[in-house]
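Reading the structure
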Amino acid sequence: MSKFYTDEKNVLIIIAILKANGIRKVIASPGTTNMTLIGSMQHDPYFQVYSSVDERSAAYIACGLAHESGEPVVISCTGATASRNYLPGLTEAYYRKLPVLAITSTQAISNVDHHVPQVIDRSSKPNDTVRFSVAIPIIKDADDFWECEVKVNQAILELKRGGGGPVHINLPTRYSRSYETKELPKCRVMDRFTTIDKLPELKGKVAVFVGAHRRFTLEETETLDRFCSANNAVVFCDHTSSFKGRYRVLYSLAASQDLIDLNAEKPDVTIHIGEVTGDYTSIAIIGKEVWRVSEDGELRDTFRKLRYVFEMNEKTFFERYTDQSKAPSDQYLKQCQVRLDQIRQEFPEIPFSNIWVAGCIAHKIPEGSVIHFGILNSLRSWNFFELPTSVTSMSNVGGFGIDGGLSSLLGASLANPDKLFFGIIGDLAFFYDMNALGNRHAGNNLRIMVVNNGKGTEFRQYNHVAAHFGEQAEEFIAASGHYGNKSPTLIKHYSQDLGFKYISASTKEEFESVCGDFLTKDCRDKPVVFEIFTNSEEESRALEMVRNIKRDHMGVAKSVAKRLLGDKSVKAIKKALGK
């Protein structure tokens, strides 16, 4: 009876990625738990499988084979104490930097610590046995598949990184008896490059996506602009990206449109730099393939399209891919700018809200100032509008909490008492960190806007996953009614007693009459707290209006299909229309 591959998808992914990386040598020890892996390998003529009853000996055989052949070697064992016997050989491999991949099979990880026979805890390894270890899941859905795919790529890349060494994969099994899978799944293979490697060719439409980023030097800015000019590329940014070059595009307003199709603006390759982004709409403009550039060299598969990781600084990467003999081009930049201008020209009159405030004063923030945004609603609202070029901006999107916005603003303001530091923050975040206002180092250069809607308005937005709770979201999910429940005097007295100037507004007219005091350039006057009273219904309505400024047939079709049938229907529509 002919056998093919197991139907256990985690095993299939391992085999597919091993083959894609040219890894074929395997030392197999007997057992039931690793049966699906070895049973699949032994029927694939690609693999060279050797048997070793003793796992201790198997690991040492792998050391010798890896050293002599110059190739990575897989060792596979069953459950119980079998993996413990790998430790002496893995220690040898560790100190000699030998590429030995230990795949230790196990029952479901959930069985650990429940007195299930032949199940031990492999989560802790001696420091000098493996340089990297992952536990991959039993695959039940697309998220499990993605997790497994990434972790197996991580493990295999670590075999040769930094001189190489042994790596561990803990592989759970269902003990499947089906061996009828004839083709391996299509898996992404991720490669890592350093400065000494020959780099892959960059082809097609190219965009750079910048997450939260430290300030760019003038030299770094010019280097990235030259890269864009030579490759007809653009740089997609938000207010945490810090890039101010010619090819910068603040694209959140276009990317957030619910009813337009952005396929024409999507690149073939997205070059991902920076760290965590607070721009949730960014997924709309990520290309077919992502290249990650970072000195840490880690696999950060933010958009689940990662192909290459470049372990080098950004300047080196962009210089390597800049052919200055090419004629300068900005066609892609102009294409994006035209789309943005079309949307901006039709920007609607929206209710009094964080978005309205941002549209009213973003361009009026004094030159040379710094502005910090609270996460989610504040950052998103202001990402729709440009700031003056000389204004720098950031948000606490690293940990993405609401607990330290004012303290971060205070700390930044101490660096330069002669520069204005603005903060835009919601009421829950303000009260979470309000002690910062009482710090005796707080200076006159602080300008704090509190958008007070009496709750976490994010959870009441029309497109939030909690929207279906309606008013029931108020009590617990949106935490409505705390901290004075939009008291007109609580923040006023607190800030005034601490020496701040206090102003407030509940309407557009009131805002326009007092916002000049908030925007004053004089750092010698008192620091300012500006409290804006809005309500969640108008915040949500403003966002919905802004996200539906433009529409096209494909965008409407995708939106309706996604609402009714989910993401798979969108892919089906694209395929049918040849998109």
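Residues numbered from 1 in each chain as written. Predicted model: local features only at pLDDT ≥ 70, side-chain atom pairs only at ≥ 80, totals over all residues. Heavy atoms only, no water.

1. Describing the overall build of the chain
Tallying secondary structure elements over the chain gives 18 helices and 19 strands in all. Sequence separation of at least 24 residues holds for 74% of the intrachain contacts in the chain that already meet a minimum separation of 6. Positive and negative charge centroids in the chain, built from 70 and 70 side chains respectively, lie 4 Å apart. (Helix = DSSP H or I, 4+ residues; strand = E, 2+ residues; numbered from the N terminus. Contact = heavy atoms within 4.5 Å. Lys, Arg positive; Asp, Glu negative; His and termini not counted. Charge placed at Lys NZ, Arg CZ, Asp CG, Glu CD.)

2. As for the environment of N377
Its location among the elements puts N377 in helix α11 (residues 377–383). What makes N377 buried here is its relative accessible area of 9%. Each C-alpha atom of the pair N377 and L202 lies 36 Å from the other, and the pair is 175 residues apart in sequence. If sequence neighbours within four positions are ignored, N377 has contacts with N354, T457, E458, Q461 and E539. A polar contact of 3.1 Å, which involves the side chain of N377, links it to the side chain of Q461. (Buried < 20%, exposed > 50% of the residue type's maximum accessible area, 1.4 Å probe, protein only. Polar contact = N/O pair within 3.5 Å; in protein donor to acceptor, adjacent residues only side chain to side chain.)

3. Re the sheet that holds strand β12 (residues 289–293)
Spatially, 7 strands are ordered β7-β13-β12-β11-β8-β9-β10 in an open sheet, and the strand pairing comes out parallel. Either end of the sheet is taken by a strand with one partner, and the two such strands are β7 (191–193) and β10 (248–250). Strand-to-strand twist of the sheet, defined as the mean angle between neighbouring strand axes without regard to direction, takes the value 25 degrees. Judged from the 4 bridges that link them, strand β11 (residues 269–273) and β12 form a sheet pairing that is parallel. Bridge pairing links I271 to W291 in β12. In this fold helix α9 (residues 331–345) packs onto β8 (206–210), β9 (234–237) and β10, with an angle of close to 25 degrees to the strand it touches most, β10. (Pairing = 2+ DSSP bridges. Axes fitted to C-alpha atoms, helices over the stretch in contact; angles between N-to-C directions.)

4. A closer look at the sheet that holds strand β5 (residues 132–135)
Taken in spatial order, the 6 strands line up as β2-β1-β3-β4-β6-β5 in an open sheet, and their pairing is parallel. Each end of this open sheet is capped by a strand with a single partner; those strands are β2 (48–51) and β5. Neighbour-to-neighbour, the strand axes of this sheet turn through a mean angle of 20 degrees, independent of strand direction. Contacts from helix α3 (residues 55–69) reach β1 (25–28), β2, β3 (73–77) and β4 (100–106), with the element oriented near 170 degrees to β3.

5. Some remarks on a nonpolar patch on the surface
Judged by side-chain polarity, F469, F476 and I477 come together as a nonpolar surface patch covering roughly 310 Å² of accessible area. With respect to the helices and strands, the residue F469 is situated in the loop between β17 (446–452) and α14 (490–497). Judged by its relative accessible area of 36%, F469 is partly exposed. (Patch = residues over 30% accessible without salt bridge, like charges linked within 9 Å, V, L, I, M, F, W, Y side chains within 5 Å. Areas by Shrake-Rupley, 256 points an atom, 1.4 Å probe, with all protein chains shown as cover. Salt bridge = Lys/Arg side-chain N within 4 Å of Asp/Glu carboxyl O.)

6. Comments concerning the packing of helix α10 (residues 354–361) against helix α15 (residues 508–519)
Where α10 contacts α15, the axes come no closer than 12 Å and their chain directions differ by 55 degrees. Classified by the interaxial angle, the pair formed by α10 and α15 is oblique. In terms of crossing hand, the pair formed by α10 and α15 is right-handed. Between α10, through W356, V357, C360 and I361, and α15, the contact on the second element is made entirely by K508, F511, E512, C515, F518 and L519. Broken down by class, the residue content of the contact of α10 with α15 amounts to 8 nonpolar, no polar and 2 charged. (Parallel < 35°, antiparallel > 145°, perpendicular 65-115°, else oblique. Left-handed = near helix turned anticlockwise from the far one by under 90°. Nonpolar A, V, L, I, M, F, W, Y, C, P; charged D, E, K, R; others polar.)

7. Some details on the pattern of salt bridges
Tallied over the entire structure, the rule returns 36 salt bridges. A salt bridge links D330 to R246; its shortest N-O distance comes to 2.6 Å. Here D330 is found in the loop between α8 (314–320) and α9, whereas its partner R246 is found in the loop between β9 and β10, with 84 residues between them in sequence. Taking the shortest distance from any N to any O, the salt bridge between R547 and D258 comes out at 2.7 Å. With R547 in the loop between α16 (536–546) and α17 (553–565) and D258 in the loop between α7 (252–255) and β11, this pair connects stretches of sequence that are 289 residues apart. We classify R547 as buried; its relative accessible area is 15%. The network of salt bridges with common partners includes R131, E158, R161, R192, E298 and E311.

8. Focus on the packing of helix α1 (residues 9–20) against helix α5 (residues 142–158)
Interaxial distance between α1 and α5 falls to 10 Å at its minimum, and their mutual angle equals 40 degrees. One finds that α1 runs oblique with respect to α5. Along this stretch, α1 crosses α5, giving a crossing that reads as right-handed. Residues N10, I13, I14, I17 and L18 of α1 form the contact with α5, whose own contacting residues are F145, C148, E149, V152, N153 and I156. Of the residues in the contact of α1 with α5, the class split is 8 nonpolar, 2 polar and 1 charged.

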